[in-house]
Amino acid sequence: MDLFDYMREQNQEQESPLASRLRPATLDEVVGQEHIIGRDKLLYRAIQADKLSSILFYGPPGTGKTTLAKVIANTTSAAFLQINATSAGKKDMEEVVQKAKDNAGMYSRKTILFVDEIHRFNKGQQDYLLPFVEDGTIVLIGATTENPYFEVNGALLSRSIIFELYPLSKENIKALLMRAVTDREKGLGSYQAQITEDALEFLAEISDGDARMALNAIELGVLTTPRNEEGIILITKETAAECIQKRAVRYDNTGDNHYDTISAFIKSMRGSDPDAAVYYLARMLYAGEDIKFIARRIMICAAEDVSNADPMALVVATSASQAVERIGMPEAQIILAQAASYVASAPKSNSAVTAIGEAMEAVKNEHITSIPAHLQDAHYKSAGRLGHGIGYLYAHDYPGHYVKQQYLPDELVGRKFYRPTENGHEKQIKKYLEWCENQGRQV
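Quick word on the overall build of the chain
- For the chain, the count of helices and strands is 20 helices and seven strands.
- Principal-axis analysis of the C-alpha atoms gives the chain an extent of 100 × 65 × 40 Å.
- For the chain, the proportion of its 443 residues judged to be buried stands at 43%.
- The contacts of the chain with a sequence gap of at least 6 include a subset with a gap of at least 24, amounting to 73%.
- Accessible surface, the chain as shown: approximately 24400 Å² in total, 52% of it carbon and sulfur.
- Averaging the locations of the 48 positively and 59 negatively charged side chains of the chain gives two centres separated by 4 Å.

Here it is as structure tokens:
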């Protein structure tokens, strides 16, 4: 490193964002994630002993994935190299591997490669790293906000230990904010800033476990707020609210949070909890989810989980779907809330799911080609000569508009696919079908 490189690093360190400057250098400085870096935990022991195998850090933004990688860089005797999957190409990867080979051959030194955003690597790039992870040329540390079981190939997964990082608690965020305000070396201590308790509470709550978001907000507040008469930069709740603006809900239309939130939404409707259903609806709307997508999921839930226990559920859901396309936001949120709360509050039955599932299995696995002759079409020419339609009984000609006759193929006579429950309107359906079983004459 020459003098210019040294000066460039020094300037970058001083001018980098607060969240970067405040990153801990040792394990003891790390805030949160006690479930993986507590003193008795595997990762803590492995870092302290400098005996790391390949690992993947998986978790939401701002929870410390890169921080832990930097801590490892500061504590390991191995060479530490870093690339970002969003910008690294094949040449970058070849250079890293060559450096790792040189470290092993010339200095008998291991090389740790930290790949940030590893889910951005395509299959070919991941496959390129595999043999070098396999033979120990590199120890891989990958960081991803996406579920690695979906985004990282199985061969790399099988050679790595996955550590899931959780959103930081409010107390964790508060501790980091206080460190930021008081730390004179890395933080903002030299600005003589103070933060009120309600501002601290507000930022810890609204950052949603994202340390970077909270630290960016407090840095902006301190750098832009004028001093009061006492010469103090006072960060109030109002100042904090201005600095963080709209809450950036952790949500990605193509990532884990998308699937997790819609899953919670559907399960809340299925579980008859309209409050939870409306809450998850609000999260999706706030994050900009496609209202047509939400409407489709409500329709599916109405058919799948409510079914004939309340046939109006599908009517409401379908009408809501049409209405939101015509009206759009913001009024569409009211329509979606009505539909979601209706479906959540309706009596439940999955009898339609069971019925079609069992019927599809019968079609798939049982060789049945016949249709009872009396049910076949009798309108085309010469159908009568074939016996098609002969003997069919027109239900409306009989009392109660019902007459008992065979409808299923001979091989399936007596098979039950649709079994209504005792819930909601299906109780009436069940009673009617039982009445049908006991009426008329068998033909």
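A word on the pattern of salt bridges
- Following the criterion strictly, the structure yields 15 salt bridges and no others.
- Taken together, the shared-partner salt bridges in this structure form one network comprising Lys 170, Glu 171, Lys 174, Glu 197, Glu 201 and Glu 205.

What about the pairing of strand 4 (residues 139-144)?
- With six of six residues buried, strand 4 lies mostly within the body of the structure.
- For strand 3 (residues 111-116) and strand 4, the ladder comprises five bridges, and the chain directions are parallel. Counterpart to Val 115 in the pairing with strand 4 is Gly 142.
- Each parallel crossover has a hand, and for strand 3 linked through helix 7 (residues 123-134) to strand 4 it is right-handed.

Some remarks on unusual backbone geometry
- Of the consecutive residues Met 329 and Pro 330, the connecting peptide bond is found in the cis state with omega at 5 degrees.
- As for its position among the elements, Pro 330 is in the loop between helix 17 (312-327) and helix 18 (332-345).
- Phi angles above zero are rare outside glycine, and Ser 108 is one such case at about 50 degrees.
- With respect to the element layout, Ser 108 can be found in the loop between helix 6 (90-107) and strand 3.
- The phi angle at Glu 117 is positive, at roughly 60 degrees, despite the residue not being glycine.
- Relative to the helices and strands, Glu 117 is located in the loop between strand 3 and helix 7.

What about the confidence of the model for the chain?
- The pLDDT averaged across the chain works out to 85; a share of 90% of its residues lies at or above 70.
- The element-level mean pLDDT for the chain is lowest in helix 1 (residues 3-15), coming to 50, with helix 18 highest at 95.
- Below a pLDDT of 50 lies the segment residues 3-10, which in the model reaches two contacts outside its immediate sequence neighbourhood of four places, other chains included.

Cut-off values and rules
Residues numbered from 1 in each chain as written. Predicted model: local features only at pLDDT ≥ 70, side-chain atom pairs only at ≥ 80, totals over all residues. Heavy atoms only, no water. Helix = DSSP H or I, 4+ residues; strand = E, 2+ residues; numbered from the N terminus. Buried < 20%, exposed > 50% of the residue type's maximum accessible area, 1.4 Å probe, protein only. Contact = heavy atoms within 4.5 Å. Areas by Shrake-Rupley, 256 points an atom, 1.4 Å probe, with all protein chains shown as cover. Lys, Arg positive; Asp, Glu negative; His and termini not counted. Charge placed at Lys NZ, Arg CZ, Asp CG, Glu CD. Salt bridge = Lys/Arg side-chain N within 4 Å of Asp/Glu carboxyl O. Pairing = 2+ DSSP bridges. Right-handed = clockwise from strand over helix to strand, strands pointing away. pLDDT = per-residue confidence, 0-100.

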